[in-house]
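Below are the chains, spelled out letter by letter.
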Amino acid sequence: MSAPKKIPAPTDVYVGSRIRLRRNMLGLSQEKLGEQLGITFQQIQKYEKGTNRVGASRLQAISEILDVPVSYFFEEAPGTRTSEGFHEGDNNFMDFCSSNEGIQLLRAFTNIKDPKVRRKIIDLAKALSEDEKSNSL
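Residues numbered from 1 in each chain as written. Predicted model: local features only at pLDDT ≥ 70, side-chain atom pairs only at ≥ 80, totals over all residues. Heavy atoms only, no water.

An unreviewed UniProt entry annotates the protein chain as Transcriptional regulator, contains XRE-family HTH domain originating from Bartonella apis.

This is the structure we're talking about:
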């Protein structure tokens, strides 16, 4: 008999998703990140899925390469208390931010420098989402 498959801890999955999100935001491939760390892209995949736990020194190196503090990987993590904003249960948000569409939208939006234009885009998105809600009723 083979041993039962170990289920990753929620924090490991969350940290991995934050690594993936930041890596994608920077347009960095798994292969390039792995090269900078001296590991394979397969190992990066395992970190991002949460199947392999990221050690403290490796997480420190990843934070330096991705130009974020180590605390970035734990913001809103499962079991942490937050005063507002998205929480661990908001998987749709993390899924969207990690998707190709989400990353493209984030990059394009952050390149818009005029705050009035950014506000209009937010208002448009809200109006379109309200239309979707009313059409589905």
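Having seen the structure, we can now continue with the description.
### A short note on the pattern of salt bridges
For the structure shown, the criterion picks out 5 salt bridges. Residue R18 pairs with E75 through a salt bridge whose shortest N-O separation is 3.1 Å. Remark: E75 occurs in the loop between α4 (56-65) and α5 (91-98) and R18 occurs in helix α1 (residues 10-25); sequence separation between them is 57 residues. Classification of E75 as partly exposed rests on a relative accessible area of 39%. (Salt bridge = Lys/Arg side-chain N within 4 Å of Asp/Glu carboxyl O. Helix = DSSP H or I, 4+ residues; strand = E, 2+ residues; numbered from the N terminus. Buried < 20%, exposed > 50% of the residue type's maximum accessible area, 1.4 Å probe, protein only.)

### Considering the packing of α1 against helix α3 (residues 41-49)
Here α1 crosses α3 at 120°, and the two axes come no closer than 5 Å. Taken together, the axis directions place α1 and α3 in an arrangement best described as oblique. In this structure, α1 contributes D12, V13, G16, S17, I19, R20 and R23 to the contact, and α3 contributes Y47, E48 and K49. For the contact of α1 with α3, a count of residues per class yields 3 nonpolar, 2 polar and 5 charged. (Axes fitted to C-alpha atoms, helices over the stretch in contact; angles between N-to-C directions. Parallel < 35°, antiparallel > 145°, perpendicular 65-115°, else oblique. Contact = heavy atoms within 4.5 Å. Nonpolar A, V, L, I, M, F, W, Y, C, P; charged D, E, K, R; others polar.)

### A short note on the packing of aromatic side chains
Scanning the model with the defined rule gives 1 aromatic pair in all. Ring geometry for Y72 versus F73: centroids 5.3 Å apart, planes at 80°, classification edge-to-face. Sitting above the plane of the Y72 ring, R18 keeps its charged end 4.0 Å from the centroid. (Phe/Tyr/Trp six-rings, centres within 6.5 Å; stacked < 30°, edge-to-face > 60°. Lys NZ or Arg CZ within 6 Å of the ring centre and 35° of its normal.)

### Regarding the packing of helix α2 (residues 30-37) against α4
Closest axis-to-axis distance for the α2/α4 pair is 10 Å, and the angle between their directions is 120°. With respect to α4, the axis of α2 lies oblique. Like other packed secondary-structure pairs, α2 and α4 cross with a definite hand, here right-handed. Two secondary-structure elements touch here, α2 through L33, Q36 and L37 and α4 through R58, A61, I62 and I65. (Left-handed = near helix turned anticlockwise from the far one by under 90°.)

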